[in-house]
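Commentary on secondary and tertiary structure
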Amino acid sequence: MTLPQFLMIATAPADLIGLALLLLGWFGIGWLIENPPRRHPSVSELMKHYRREWMRHFVTRDPRIFDGNVLSNLREGTAFFASACMIAIGGGVALIGNADRMRVLARDFDLEQVVAASAEAKLLLTLLLVIHAFLNFVWSNRLFGYCAILMAAVPDASDDPVAYARADQAADLNIIAGRKFNAGLRSVYFALGSLGWLGGGWGLCIGATLVSWLTWRREFASNSRRIILRALPPEHLGGAAVPPTATGQRSPPPPP
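Fair warning: this is a prediction, and the values are worked out from it, not measured in the lab. (Residues numbered from 1 in each chain as written. Predicted model: local features only at pLDDT ≥ 70, side-chain atom pairs only at ≥ 80, totals over all residues. Heavy atoms only, no water.)

Turning to a nonpolar patch on the surface, a few remarks are in order. Where nonpolar side chains cluster on the molecular surface, the patch consists of Leu124, Leu128, Ile131 and Leu135 and spans about 350 Å² of accessible area. By the element assignment, Ile131 lies in helix H6 (residues 119-152). (Patch = residues over 30% accessible without salt bridge, like charges linked within 9 Å, V, L, I, M, F, W, Y side chains within 5 Å. Areas by Shrake-Rupley, 256 points an atom, 1.4 Å probe, with all protein chains shown as cover. Salt bridge = Lys/Arg side-chain N within 4 Å of Asp/Glu carboxyl O. Helix = DSSP H or I, 4+ residues; strand = E, 2+ residues; numbered from the N terminus.)

Right under this line is the structure:
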């Protein structure tokens, strides 16, 4: 596909609207999740408290095998998604490089009119998002590794003067690793939404809007958020109201 052909397709009104929605949703949702309103924190923001609490309880836990297992599970999750992204990248590159095969598949499904010369460029957008996700998953895995090293450097004696300082360092790395993992997941979500572009500009609009709404709901209006929020002490809620429990009663305040 030549550059003039791509520009002619990408400047169609529906395509421009779809691209704008996708990019605004991707950047906007990411910024909102990491910088939420004080009275309505996101799940990612709420989980920072639990990550810090984990590391502070880790100092006095004996034995610490449980903490190592939890961290190993986190690393396995990042490794799984990184591997999946590598497979998707390889498949995407092969598909873009074999446009004839893609047209044959489209003809079998009566979609030949959709898969034209522009399909390679449209798939390239999806491929770039998957590459971004892969880089975030790899870096998250690396940061969890750094976190494991700092956790191993925490002295066995909880009254050691450096014990809690190193635990706080491990918590900071754990939080950053979690942030990168979430960024990778968002890129995967929007990569899936960008596949709507194969159905035209309005398909991209629908895909971008749907993914943006789903991502917002999971971070700001999900049942899991209500459960996480309910268990946090008031000083960590930023003025947010604590939702009622399943029985209709509000959770009692934490013990002093």
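Another aspect to go through is the packing of helix H2 (residues 13-34) against helix H8 (residues 201-220). Axis separation between H2 and H8 bottoms out at 7 Å; the angle between their running directions is 15 degrees. What the angle tells us is that H2 and H8 run roughly parallel. For H2 against H8, the interelement crossing comes out left-handed. For the pair formed by H2 and H8, the contact residues are Ala14, Asp15, Ile17, Gly18, Leu19, Leu21, Leu22, Gly25, Ile29, Leu32 and Ile33 on the first element and Gly201, Trp202, Leu204, Cys205, Ala208, Thr209, Ser212, Thr215, Trp216, Glu219 and Phe220 on the second. In terms of residue class, the contact of H2 with H8 is made up of 14 nonpolar, six polar and two charged. (Axes fitted to C-alpha atoms, helices over the stretch in contact; angles between N-to-C directions. Parallel < 35°, antiparallel > 145°, perpendicular 65-115°, else oblique. Left-handed = near helix turned anticlockwise from the far one by under 90°. Contact = heavy atoms within 4.5 Å. Nonpolar A, V, L, I, M, F, W, Y, C, P; charged D, E, K, R; others polar.)

Next up on the list: the packing of helix H7 (residues 163-194) against H8. The contact between H7 and H8 brings their axes to 8 Å, and the two run at 155 degrees. Between H7 and H8, the interaxial angle falls into the category roughly antiparallel. In this structure, the crossing between H7 and H8 has a hand that is right-handed. Between H7, through Arg186, Tyr189, Phe190, Gly193 and Ser194, and H8, the contact on the second element is made entirely by Leu204, Gly207, Ala208, Val211, Ser212, Thr215 and Arg218.

Attention shifts here to the nonpolar core. As a rule of thumb, nonpolar side chains are buried together in soluble globular proteins. Counting 19 residues, the largest nonpolar core has Leu22, Cys85, Leu129, Val130, Phe137 and Phe190 as its most contacted members. Put simply, the parts of the chain that give this core at least two residues each are H2, helix H4 (65-97), H6, H7 and H8. Take this core: its biggest share by element is six residues, from H6. Setting aside residues up to four positions removed in sequence, Leu22 forms contacts with Leu125, Leu129, Phe190, Ser194, Leu204 and Ala208. (Core = buried A, V, L, I, M, F, W, Y, C linked by side-chain atoms within 4.5 Å. Buried < 20%, exposed > 50% of the residue type's maximum accessible area, 1.4 Å probe, protein only.)

Within this structure, the stated rule accounts for six salt bridges. For the salt bridge of Asp172 with Arg52, the shortest nitrogen-to-oxygen distance reads 2.8 Å. Of this pair, Asp172 sits in helix H7 while Arg52 sits in helix H3 (residues 43-60), and the two are 120 residues apart along the sequence. Under the relative-accessibility criterion, Asp172 is labelled partly exposed at 33%. Classification of Arg52 as partly exposed rests on a relative accessible area of 36%. Here Arg64 ties to Asp156 by a salt bridge, and the two come within 3.9 Å at their closest N and O atoms. In this pair, Arg64 is assigned in the loop between H3 and H4 and Asp156 in the loop between H6 and H7, connecting sequence segments 92 residues apart. The exposure class of Arg64 is buried, given its relative accessible area of 19%.

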